[in-house]
Structures are given as C-alpha cells and as structure tokens.
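So you can see what is in the structure, the chains are spelled out below.
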Amino acid sequence: MALALDGVSDTLLPRRYQEEIFVRAQQGNVIAALDTGSGKTYISTLLIKWIAAKDVGQGKITVFLVPKVALVQQQGEFISRQTSLRVRQFSGATAHDMGYREGWRKEFEDADVFVMTAQIFLNLLTHSHWSMDKVSLIVFDECHHTRKNHAYNGIMREYFQTPVGSRPKVFGMTASPIWNPKNAAESLAILERNLDAKVIAVKEHIDELVGHSPKPTEVMLVYPAAPSAYPDYPSTSLKQRLDLENLPPEIGMPVQKILTRYDVTLYSLGPFGAELFLYTEVKQRITQLIHDALDSNMDYLIPTQYGLQSQLHSKSLEMADGVHPRLRQLERTLAAYRNFFEAPESGPAPPAFPWTWCSPKVRKLAETLFERYTDSFQGIIFVEQRHVASCLATILSRIPLLSHIIKTEQLVGHGKDTATKAHVKGMATRNQQDTVRMFRERQINVLVATSVAEEGLDFPACDLVIRFDPVQHMVGYVQSRGRARHKTSTFVIMVQEGAESQAQRYLQFSQSEPHLKQVYQDRDLTMQAPEDEEKGELHDDPADLAERERYVVPSTGAILTYTSAIGLLNHLCSLIPRDKFTPTHVPKYTGDFNATVHLPSSLPLPADLLVYQGPIRRSKKEAKRAAAFLAVKSLHALNVFDDYLLPAKRSRDRENEDPDGVPIGDISNVPETLDVQVRDPWVLGRTLWLHVVHLDGRPSAGLVTGTPLPPVELVAGDFFVSTDEPREVVLDPRDAWGQRRAMEDYTRMGLWWCITGRGIALPLTCYLVPITRGYKVDFQAIEQAVLHPTGSYNWEGIGEEHYGHLLYMNNKEAGHPMILHRLRPDLSPSSRPPEGSKEAGHPTYRDYWIRKYTRKGYAPVISADGPCVEGFVLERHSSSAYSLENTLHTSPSPQISETAILPLEICKWALMPEHVYRTFFILPELCHRATDLWRAHQARLSLNLPPIADDLLIQALKLPSTNTGFNNQRLETLGDAVLKLSAVVHLYNKFPHRHEGQLDGMKRISISNRTLLARAVERCLEHHLSSENQSIRLWRYTTASEEELFEIRPRRRTLRQFPRKSMQDCVESILGASFATGGIDMALQAGAALGISVGSPAPWFLRYGLQLPQSEASPLFLTLQETLGYSFKHGQLLLEAVTHPSFASTDSSSYQRLEFLGDALIDMVVTDYLYKKFPEATSGQLSWARSRAVCGAALASVAVKRLRLHQLLLINNVELSMAISRYVPVLEEISEEDIILHGWKHDPPKALSDVFESVMGALFVDCDYNYDRAAAIVEMIMEDLIAALRPDLPRDPVSQLMVWVAKSGCRSVSFAKSQSREELRRPDCMSVLVHDTTVAGPVAAANLSMAKGLAAEEARRVLDDPESPFHLSRVCVCGKESEAAMEEEPTEVTLDVDKSELDDETTGGFAILARIMLEETEEQSSTPALQDGDLEDDEMDSPPAEDETMEEREVEEMMEVDV
C-alpha cells in the first residue's frame, strides 16, 4: 500500500473510517482491505501506539513487516513521524549479520518498533535471536503475499507454534485480499487461515472512504496486431550483421535466450525497440566476456609481459591475446551503431526515428499519452518484463510526437539472476528510490515500470495509468489501478485487436470486483477455530504437509523447518572458501519424488556424510525440502551448524571466547600505558641473607639482601663471577641496629668510591661487605673502613707491593678513582712537566694544578715541595648490562686510561681491599643478573611454566626499553610462529568438519593480540616483566620508605611503567623461549600454562597420532615420495593434498584444510631456521626475511622446481590450467636469489603455492605430527631458497620509496591508480606523483600491489638520478617548509595513527606513512626515559660536573644519613 508523505504533518488526525477499522482491530486480528491511498499505514500507527501503551513493561516489541526492501525506509520514517516510539529499520543492506548476537540483542533492547523485510524477521526467529512470544504486534504490509512459501507464511507458521495465550496481535493491510476471483471465498479463507485474522472493510463510513479513494475512469484501449514486416526499417538490421545464430558455442553466450527475447520485443515494440534491446544486451555480454578473457590472460603474466600486452592492446585490439576474434568482430559491429542507440555524454541527443519503426501498440500508446498530456501530467505505464521497460522508456523519449513533452525513466525490480547471468540487470534499491523521488518531484512525468511499482512505493496519484501488457491476476489489476487515484484519473487497459482472452480476463476482473468485496464487506469479527495454517497451501499436497517435521534446538530455541532448510544449506555452501577459478559451491539435488542432496566435496566431511536421501514425497519440491531438512539436522549433529543453526564459525559474538569456549576477558579498561607493581627482590626485612661472591672462583665479598637469591653466574669485566646459595645473617642481638648501620655505611662508601662518585641519601636495599674466612660478615673490617669513608691521607707503609692494587682519589675531583701506578719521590710540585704532557704548558706541575682547581676565586693550597704520586685514571661504568653469552670483555671493569701525576698531599687512598673494590666495580652487573634470575624463577613458579632455560626465560621477560643488549623481540618472532602452529594443529584436529575459512577465523581469535593480552592479564604476567633501564647514573637499589626495611613479610614489589603491548609480546616470547629450550613439546606445555588455545600440554603424537587408517599411495606419487625421502603411510592424504577445489570428487576433499596446516608448518620451519642461523639478526630482520621465503611466488617456485607439483595437481578448470602452464617456465628459470629479492614482481597462480603447503601439511599429518622429522624434510626441500636469505635483505620498493621520501623532506608525494584498458573495468596501473607531476607510471601489472611496487621502484630511481628531469630537486618545492614542519611536530604523534586507515593515494596519507616507516626502520639513538620506579632517585644529589670538586666534609655529611 502507499501513503503520500508529501505534506504530511506531525499531527495527522484520523478519518472516521480509519477510526472504525482501528476500533475493530483492537478487538481481534484483522486484515484491513482498503484501497490504495486510503491511509492503511496511518491506521497501523494508531494500533502501534495503543499496543505500546497497553503492553508497557512487558519487554515486547512491535514488528512492521514489508515485502520489499524499498518500503523499509518509507514506512519506518512515517511511523517515526507519527509516534514517539524508538523505530529501527532493517533490510538486507542495513541488517546485522545473523552471527552477531550481541548486536541484535542491543537493537532489541534499544527499540520499540522494528520495520524490516519479512525474510530478516524470519531469520531472527529461525536463529533464535528473538521469539514470537516477545512480540506484541505484527503488522503485515501488503499481506496478500501470505501464501505458499513466502516469508510472510513462514513467519505465521512460527506464530501457530506459539501457545495461543502468548501469540502477538496480527494486523494485515492490503488493497487486494483475493488472488483468485474464480473462487473468491476459498481464496479469502486461505488468507484468513494463514494470517489467523479476519478480512474486514469499512461498513459505517463508506461515503467518506469513497471520497478519499475515488475510482478512476477505466478504458479498454484496443490496438491492431503487429505486422509481419516493417518495410520502412533498414533492410540490413543489427540482428543480421551480428549473425548470432552462427556464433561459436565456445564463446558461451546464450544465443537462444537472447533471440527469444528479441522476438518478444519485436512483436511488442517494433524493430527499433527490438534492435535497441539486442544492442544493449549483446554489448553488456561481450564486454563481460572480453573482460573475463583479458583477466584470465593477463592475470599471471610477469611484469614485462603484462606491460607489453597493455601496450599492444592500446595499438591494436587484435593483438590482445586470449580474446576470441568473433568477440572483437561483434565489438566492432556494435561500435558502428553506438551513435544510433546511445545518447552521447555531451552534445545533442540522438536523433528521432521514424514513427513507422514502432509497433502499432507503441503508436497507440504514444497517441494516448499525447492526448492526455497536460502541464501537470504524471503517468505510469506497467509492463511485464524488465528489458521491455528499459527499451520502452528510451523509445518514448525519442518519438517525435512526445520527445518535447515526455520525460521518462524505467522502474524495475532487483532481479534474481546471479552475477554471471545478470547482464540485463535490475535496479539497486538506491536507484529505485532516486527514480521515485524524481517522479514525486516532477523531474520526470512518465514511469515505465514492472510490477515493482504496483504496490507499496510512495507515489503521488497519477493522471494516467496504462497497463501496456495484459493483466495476469486480480491483485495486479487492483494494485496498478490504485495508482490512478484522482477523481479525473484514467486507468487504461491495452488489449490487442482480436485477443478475446485478454479482454475477457479484464472484464472478469472489473465486473467481479464488487461481488468480491461483498464477500468480506459485511463481516464481523466472529472468529472460527483456527485450522492448521498449512492447509492454506494450494500447491502442496495435504498429505505432504501433514508429514512435515519441525526441529527446535533444545539449547537455544533455534528452529529448523522444511521451508528454511534449503536456504540454510545454500548459505553454508556459499561460505566455503574458493578462488576465482572455482564456481560458487552449491548443493545438488537428484531424484524426483525421493530426492537426494549432494553437498560439495570441499566440505571437510567423509564421503558418506556428504549425501543425504530424503523420504518419499508426493511433489518434487517437497521431496527436495525433505532431503534438505534431513541434511541440516544431520549437519547440526556433526557441529557443522551451530546451536543457532548458523554455519559453525567464529561469529562476532563468539569472539569473546576462544575456540575451546574459554571466555576472553574484556581488555577495554586496560590502559595503553601500565603502572605496575613488578616483582623485585631488593628489600631488607628483618631476616637478612648473605650471598658469598666469588671472582674467578675466589671468595671476594658478601652480598647481603632481604631476599634469598638463586646462585648467579656471569662474566663481568675480566672476571667470572658467581654466588653461593644464600645463608642467613646472624646479627648480634645486642647491636643488631649498629651492625646494620655499619653495613649500610660501608656499602655507601664503596658505591661512592667505585660506582656513583656521589653520596646516596635514600636507604639501601642491599649491602656489599667484606667477609671472613668463615664466610661471615667481617664487621671488624667494616668498622675500620667506615671511620675514614673518604679515605686516608696517611701514605706511610704504602710501597711497591701496593702498585697496581691500591685505590685512591684526588680530593679535588671526587668521583674519579685511580689505581696506584707508583710513588714519585723524584718529582715535586715545583718540577717542570715534560714535553708532550697535558701539564706541559705550565712552568711547574703546581702552576697547572692551581689553575685547574681554582674555583670562584678560591685557589687551593698546594705546597711547592713534597712527593708526588702517579696513577691510572679509571673510567666509570655507564650501564649495568651484561651478556648472556658469558664471554670475557663483554662488560669490562672500569677501564684504565692514561696516568696522571698529582701531589701526594691532596690524595687519599681507600681503606678497602682490592678484592672488595673489584667486587664493587662489578656490583651493578651482579645485581642486574640476580634480579633477572630471581624474576625468571618467580615467573616459572607463579605461571606454572615448564623448565625453560634460565637465560631464555630472562630474555623472554626483558623489554626492549631496558637497552641491555638483549630483549624479547627475537623470541617474540619465534614465538609468533610457535603460537600459530600450535593453534592450527589444535584447530585442525578438534574441528575435523570445519573448512579452511572457518578454521582461519578461529585461528585469528586464538592468536590475536586481544586474546594474548587478555590471557596475560588473567595470569598477572605484568608482575614479572623487566623494564628497568640499566644506566647506573642513578643507583636504583634503594627504597623511599624506611618502614619497608623491617617488615616481617617484605613486599618485594617496585613500581614500573611500560606499554600494555609488552604483555602480549611476552606471551609470544615465552612460547619462543620454551620452544628454543625443549622444542614443540615444551612449547605446548608453556602454551597450556598461559591459557593459549593449544588443546592440552600433551605431545601431539599422543593426542593425534595413529588415528588414520593406513593405505597405499598411488603410483602417481612415487617420484614425489622419492624426492621427499619419505614414504607415506596414508596414501589418501597425498590424494587430498593435490586435489584443487574445482576438482569435484567423492573420493577426496580438496586440499584447503591441509593447506591451512602446511602454511603454519612452513612458517614455523623457516622462522626456526632463521632464528638459529642469524643469532645477531633483529626481530624485524627475521620477520622480513621470513616473509620473503613464504610468499606465494617463493613457495610456487619450490612447488615447481623441486617437487614438480604442477604435474600432479588435480584441476577441473581450463583457465587455471592455462595460467599454470603459462607461469611454469617463468618459475623454472628464475633463481632463488631473484625470487627472494624480487618475488613481489611475480604473481603465479595461487594454486601452486597452495599445493606445496598442502603437501607439507599432509607430510606433517602422516608422520603423526613429529615436528622435528617434518621440519627436516621441509628444510631440505626449501634449502636452496632459504640459503638465499640474509638479515640485510632490502625492503620492498614501496617501503624504500617512503623512507627515502621521508628523509628528503618532501611532503607532496602520492600514488594514483588507473586502467590500461577500458574493458578491464578495474584499475591495473599505478603512478607516482610528486607535486601533481607524474614521475613514474602509469605502470601496468596483473595486480595493483605489483603495479605499485614497480611504480615505486621506477620513482625511486628517477627521483634520485641527478640527470633525470624528475630529480627531486627539480620537482619538489617543499623541502625547507617540510623540514621546518617536521621539526615543529612531535615525531611520536604519527605512531598513534592506525596505518591501515591511511591512504597513500593522498599526499597527507603518504607523508604520514612515510614518517612512520622511517621511524620504524631507524635505530633509536636516544636513551629511554627513566622508569617511574626510579623516581625515588630524584632525592639524590644531582651528578657533579666533570671538573667539580667535593670537599671531604661534604662527602662525610652525605654518608652520615640518619636511618
């Protein structure tokens, strides 16, 4: 039905006849039979508001159903304007996916009225998103469609399954409730039974209704029959020149179908209309055929071949290989008629054509339009077929009689043909709406429409409505006539002269209408007992209907019926992954009254589960439904359909749990930067522990802590350092406090002398002290030393035996310790410095020293006489980093540089034995190593990890911000591959009936960063990560709180800050560390401990081995097995591995599942190989090298050159076979080095790389998932390829260009795509523009990514060539401005941009991407900021300047901190 929305106010008042219907609708379920334009939708809004007020608080909704997409927006907007309720609109393009349960749940919570197409609501019921008992009112617009297998009827079937007391109210609206006028009562009864409602009409206010819905004048317009010939039309017609009857069958054009339509159009419209149809139809079809041929021919050419073909094509159409010559001939023939049939894009319209080229029927139509035309004229012409509507709309605008007054457009439906058949296409919803809007706004005044315009759409009342083609049924007659609603409107029925049957049918409709209305005019609402709704089906056998089943999934309430089963199977098959060479998968049905459904072999099911035979039925359609019902029910039991009867996959709702059903926690509240209390051993509690430190095996000192630390071994400086097991420190109970204070002071002294060069104000968390021979703290030595913390000036007793061993310092340069080289009694301060020394510019040493140490006018007191001392100046540590390799000289002790001569009177020596101060020098590395080792042990215990090697686990927990020389990035890269393989093997075996697409979706969730972060948060992984920067400018082993020193149970925590991304990275690095320690078996144990979806910690061979029946491999695979050096125990695996999806076979599935498995295996093998071969390579280098080895071109080359798999591949597609045969010689000639460096330039058929992956997957399964054995074979097969890998492989040309541009400072660079050939109908060329000047391209290639790489490569060359006219200096004018802009803008801002959202076809997007890529590739030269946990060091004194002096008194004050 339709309601003109123009001029409708927000306060429409009901007419009396509308109130009458509304009152009767309140009393029961009714079908309002009212003429078009009488305001049925307004009555429904009255009912909606009444129901909303009556059922408030019950959580129910109102559903307004429409039969066509175009009506959703129209009716939804009207209801929104007339009510204050929350209205949602849903059609195919706007509705959520049925798998998105959370989205639908929110919609139902947030709305009151749902306006939607019937099929969507039926799907919602089928998949248990909503139930009928939660609906208060259903409004059926154009409810006469509630018959047979229409979605309206499917909804009502669910209605009847609902208990009577829980059913919603039903309100139907139609202008034509009777389909069959010959048996009106039965037709009406069927509709009433199907809708459980009574048809009613206006009884009390008929006069008012007639006044608002006037009937048009009806005219029967008789026209002469079409002549047998049109002598005025050119004798050589387009049809003759095309000669379609003799078209070669291999071209694939449905000639007979086209010619049949041509004949129909010729009879109806005349020769011009028929030729216009032929021109349009053939042109669309040959354009598509040429496009397909070019695509097939060009897709797999190497770049030089592709570019040559593009150039040849531009010179001569005949040289475009792969296009049938007959198609080119047809193309030229049509081109000669272009100006005759097509309107040019600019310039004058095509010329008018003679009146005699039209059929008598068209002439009669034109005369009628001319006679009825007025300035405000609007009319609709109804035709039966879409192609007739298109041609007739064009003809009317070019007839001389009408061309100056008529503006026409066609209005047709969407059409149901598939994309491969729909060459005469229907209209999209948006185009329909635009056409209707133009008609309402009077931009056009005549519509040529099919039945799509008969009902529902919002049209103004028309002056003239013409039925150009015969009326076929009562509904069409009533609905189309309803478009003529003016009192002066005319409804014209065109009838051919002598066609008695057409005239009789019209007269029957016209004369019977009053009698038909009388059938329901005087009805009351007395309802009969409801009958089975299925009895209303005219074409279904009652016995079949009685035998129908209905299956309800107990856990969800999802519903399977005979009418929904076929659609569910079709949907399942449509989701099976396929390439361009494989047609869409569909179920096939055989048999007539005992149907059998055959599912595609690409579904991963055994052969016996791909075929389902239904029971015997009395009609073929019912037998097909029965077979489909049985198949869906069986597939649900196999978990192919989930409990909502959706194809089992990871729907958006299921993304909140992993494939094992374990919930994935919400991480939305986890901040990007975390403030974490990280576990830290550095505390001093009531109990102290002594760890004896050995240098080169000799005990040197004791490390006292409040935490028992594990024994440590490392190389620091020139020493091998180790510690013993901890032993408890027993303090004198009478002087425990004093002894603690003494150890603190001694440690402060040692830190001042050897490490920091300044005092430390905060309490320490560990002590380094001298020990006795009995391995106890030597408090006597401590007490003597702390009496002189800054050293002793008494040099008596110091002799040659102390040379090279004594530590001393110049009191004018605190913080610069020295080692005694020798005493110099031969020199005095008054001695003259030798030539070449740093003091040589002064008369005496004393003059040099006084100048150097004079500060603020104060000159130091230095005697003219007295001995001197010569020593080596020690250079301090700058970092506490150590090496995991434990090799000497990796982090040496303070380096000895040149000697310095000083007066003995200003020098003091440390009261600290050599073995102790040597230990102080390596204390930073020792504490660092002890921290790492303790955290690793704590993580292993807390996370229940397997016995991962200490060094690997330390590396896995170390963040890059530490700048220690090692971190978790390499292990993360390794762990990423381990994670992928572990998840894939688990999914492959757990879900044997899921195809590759479903498995891939689950894998993505298993390995997603979101999942890894959630698992890390659940296990509190953040408490074990090491993020401290290892600079020792500030001593970090302190505490801000004195209370912590004496806690019974020390906290052992410290505040740190790092990005949350670090957590998910550490999950992967732990997996990598476990794999590096104990192979895949230990990795599975670690994965299970971390909550990763790996199935269980048990080895794969125990879980999945020995499950397949053994079978001999075909002789076809003898050479393959010899090349692999492996004999298959399960021959069926090899058959599956070489079966392409196009090769439909009941003996084997396609290779897609094995490809899914093999992809992960190859990725793991290559990553493992690179990790071991290049121990110094960075994570980025490993990842890039891996990507070069596992790209499609690289794997395809191995498949062809090593295994000859192209000869074994089972394919049933000519185009794919040709593409492979064309590319094999290219792959055979290319070297491994070239494929690694320039693999991006090649795009071989994906089937070649797929089959290699699937064969490797089959090998993996056959050897019972023995990774080591499978990896050895994969590595052997790929040895030539992976031998060409190296860490310094150049990046791809696009990345290189972006980095180069970013460095140059130019900010006006972009890519641009274009087409090399018009008939391709897709871009295949790329250019590079600099300041809108094309510097490279357009470069054509088989795909855009390859074209972009080629264009970038050329651009990089010419922009950097000083001789090129496109050298950057000649085309760029923004260098200085760009440099200034980059200085002003913080570099970090770009890192927050999602690269996937940036468009490199804009200068802004390219510039940001280039900056990001530059920052990712450049090495970070700056030191990371200090961690929050180091903030307590701010209370320390700032570090002294290089030449700053510190008097003894100041040092002693610093040392005397009252704790």
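That block above? That's the structure.
Undergrad: What exactly am I supposed to notice about the overall build of the chain here?
TA: A tally of helices and strands in the chain yields 50 helices and 34 strands. Looking at the chain as a whole, 56% of its 1459 residues are labelled buried. Taking the contacts inside the chain whose residues are at least 6 apart along the sequence as the reference set, 74% of them involve residues at least 24 apart. Element-wise, carbon and sulfur atoms account for 50% of the exposed surface of the chain, whose accessible area totals about 61,200 Å².

Undergrad: Teacher, can you tell me more about the sheet that holds strand 8 (residues 217–223) here?
TA: Where strands meet in a sheet, backbone hydrogen bonds hold them as pairs that are either parallel or antiparallel. Strand order in this open sheet of 6 strands is 8-13-12-9-11-10, and the pairing throughout is parallel. Either end of the sheet is taken by a strand with one partner, and the two such strands are strand 8 and strand 10 (408–411). Neighbour to neighbour, the strand axes of the sheet diverge by 20 degrees on average, direction disregarded. In this structure, strand 8 lies alongside strand 13 (residues 490–496), joined through 7 bridges in parallel fashion. Note that in strand 13 the partner of Tyr 223 across the bridge is Gln 496.

Undergrad: Is there a simple way to explain the sheet that holds strand 16 (residues 588–590) in this structure?
TA: Taken in spatial order, the 3 strands make up an open sheet running 16-17-18, and their pairing is antiparallel. Both outer strands of the open sheet, strand 16 and strand 18 (611–613), are each paired with one neighbouring strand and no more. For this sheet the average axis-to-axis angle between neighbouring strands, irrespective of direction, equals 20 degrees. Judged from the 3 bridges that link them, strand 16 and strand 17 (residues 596–598) form a sheet pairing that is antiparallel.

Undergrad: Before we go on, may I ask you to explain the packing of helix 10 (residues 255–269) against helix 16 (residues 386–398) in this structure?
TA: Each pair of packed helices can be described by the angle between their axes along with the distance between the axes. At their nearest, the axes of helix 10 and helix 16 sit 11 Å apart, and the two run at 40 degrees to each other. Of the possible angle classes, the one that applies to helix 10 and helix 16 is oblique. Taken as a pair, helix 10 and helix 16 cross one another with a handedness that is right-handed. Contact residues: Arg 261, Thr 265 and Leu 269 in helix 10; His 387, Val 388, Cys 391, Leu 392 and Ile 395 in helix 16. Looking at the contact of helix 10 with helix 16 residue by residue, the class counts come to 5 nonpolar, 2 polar and 1 charged.

Undergrad: Where do I start with the nonpolar core in this structure?
TA: Generally speaking, nonpolar side chains in soluble globular proteins are found buried as a group. If you look at the biggest cluster of nonpolar residues, it comprises 194 residues, and the most contacted ones within it are Phe 1252 and Phe 1260. When residues of this core are assigned to their parent elements, the largest contribution, 13 residues, is made by helix 32 (residues 1061–1089). Ignoring sequence-local partners within four residues, the contact set of Phe 1260 consists of Leu 981, Val 985, Trp 1100, Leu 1157, Leu 1161, Tyr 1265, Asn 1266, Tyr 1267 and Ala 1270. Tyr 262, Phe 353, Cys 391 and Val 448 belong to the second largest nonpolar core, which has 61 residues in total.

Undergrad: Where do I start with helix 42 (residues 1267–1277) in this structure?
TA: Since the α-helix advances by 3.6 residues per turn, residues separated by three or four positions end up pointing in the same direction. All of the buried residues in helix 42 are Tyr 1267, Ala 1270, Ala 1271, Ile 1273, Val 1274 and Ile 1277. Viewed along the axis of helix 42, the buried residues span an arc of 165 degrees, placing them on a single side of the element. Capping the start of helix 42, Asn 1266 holds a side-chain oxygen 3.3 Å from the backbone nitrogen of Asp 1268, two or three residues further along.

Undergrad: Help me understand the pattern of salt bridges, please; the structure alone is not making it clear to me.
TA: Working definition: two side chains of opposite charge can pair if their charged atoms are close together. For the structure shown, the criterion picks out 60 salt bridges. Between Glu 281 and Arg 285 there is a salt bridge, with its nearest N and O atoms 2.6 Å apart. Of the two residues, Glu 281 and Arg 285 are both situated in helix 11 (residues 271–298); the distance of 4 residues between them amounts to about one turn of the helix. The pair formed by Glu 281 and Arg 285 is uniform in burial state, with each residue classed as buried. Between Asp 1000 and Arg 1004 there is a salt bridge, with the nearest N and O atoms lying 2.8 Å from each other. Linking Asp 1000 with Arg 1004, this pair stays in helix 30 (residues 996–1007), spanning 4 residues, or about one helical turn. Here Arg 1004 falls in the exposed class, since its relative accessible area comes to 54%. The structure contains a network of salt bridges with shared partners spanning Asp 680, Arg 935, Glu 1028, Arg 1036 and Arg 1056.

Undergrad: I'm lost on the environment of Met 173 in this one. Help?
TA: The topology assignment puts Met 173 in strand 6 (residues 169–174). With relative accessibility at 0%, the residue Met 173 sits in the buried group. C-alpha of Met 173 to C-alpha of Cys 143: the two residues are 30 residues apart in sequence and 5.6 Å apart in space.

Undergrad: When you look at the pairing of strand 23 (residues 719–723) in this model, what are you seeing that I'm missing?
TA: Burial within strand 23 is extensive, with 4 of its 5 residues counted as buried. Where strand 20 (residues 689–695) meets strand 23, 3 bridges bridge the pair, whose relative direction is antiparallel. Within strand 23, the residue paired with His 694 across the bridge is Ser 722. The turn linking strand 22 (residues 713–716) back onto strand 23 is made up of 2 residues, and Gly 717 within it adopts a positive phi angle of 65 degrees.

Undergrad: What should I look at first to understand the environment of Asn 963 in this one?
TA: Within the element layout of this structure, Asn 963 appears in the loop between helix 28 (950–956) and helix 29 (969–990). Measuring from C-alpha to C-alpha, the distance between Asn 963 and Ser 1027 comes to 9.2 Å, with 64 residues separating the pair along the chain.

Undergrad: Whenever I open this one, the packing of aromatic side chains confuses me. Can you help?
TA: Two aromatic rings are characterised by how far apart their centres lie and by the angle between their planes. Taken as a whole and assessed by the stated rule, the structure comprises 31 aromatic pairs. Positioned above the aromatic ring of Tyr 589 is the side chain of Lys 624, whose terminal nitrogen or guanidinium carbon lies 4.8 Å from the ring centre. Its guanidinium or amino end placed over the ring of Trp 1184, Arg 1291 lies 4.5 Å from that ring's centre, counting from NZ or CZ.

Undergrad: Hey, could you run me through the packing of helix 36 (residues 1152–1173) against helix 41 (residues 1246–1262) in this one?
TA: Relative to each other, helix 36 and helix 41 sit at 80 degrees, their axes nearing to 6 Å. Considering their axes alone, helix 36 and helix 41 lie roughly perpendicular with respect to each other. Residues Leu 1154, Glu 1155, Leu 1157, Gly 1158, Asp 1159, Leu 1161 and Ile 1162 of helix 36 form the contact with helix 41, whose participating residues are Lys 1246, Asp 1250, Phe 1252, Glu 1253, Ser 1254, Met 1256, Gly 1257, Ala 1258, Phe 1260 and Val 1261. Among the residues making up the contact of helix 36 with helix 41, the classes are represented as 9 nonpolar, 3 polar and 5 charged.

Undergrad: Teacher, can you tell me more about the side chain of Thr 1011 here?
TA: The topology assignment puts Thr 1011 in helix 31 (residues 1009–1018). At a separation of 2.9 Å, a polar atom in the side chain of Thr 1011 contacts the side chain of Ser 1008. Here Thr 1011 is in contact with Ile 664, Ile 1005 and Ser 1006, once residues within four sequence places are set aside.

Basis of the calculations
- Residues numbered from 1 in each chain as written.
- Predicted model: local features only at pLDDT ≥ 70, side-chain atom pairs only at ≥ 80, totals over all residues.
- Heavy atoms only, no water.
- Helix = DSSP H or I, 4+ residues; strand = E, 2+ residues; numbered from the N terminus.
- Buried < 20%, exposed > 50% of the residue type's maximum accessible area, 1.4 Å probe, protein only.
- Contact = heavy atoms within 4.5 Å.
- Areas by Shrake-Rupley, 256 points an atom, 1.4 Å probe, with all protein chains shown as cover.
- Pairing = 2+ DSSP bridges.
- Axes fitted to C-alpha atoms, helices over the stretch in contact; angles between N-to-C directions.
- Parallel < 35°, antiparallel > 145°, perpendicular 65-115°, else oblique.
- Left-handed = near helix turned anticlockwise from the far one by under 90°.
- Nonpolar A, V, L, I, M, F, W, Y, C, P; charged D, E, K, R; others polar.
- Core = buried A, V, L, I, M, F, W, Y, C linked by side-chain atoms within 4.5 Å.
- Arc of directions from axis to C-beta.
- Polar contact = N/O pair within 3.5 Å; in protein donor to acceptor, adjacent residues only side chain to side chain.
- Salt bridge = Lys/Arg side-chain N within 4 Å of Asp/Glu carboxyl O.
- Phe/Tyr/Trp six-rings, centres within 6.5 Å; stacked < 30°, edge-to-face > 60°.
- Lys NZ or Arg CZ within 6 Å of the ring centre and 35° of its normal.

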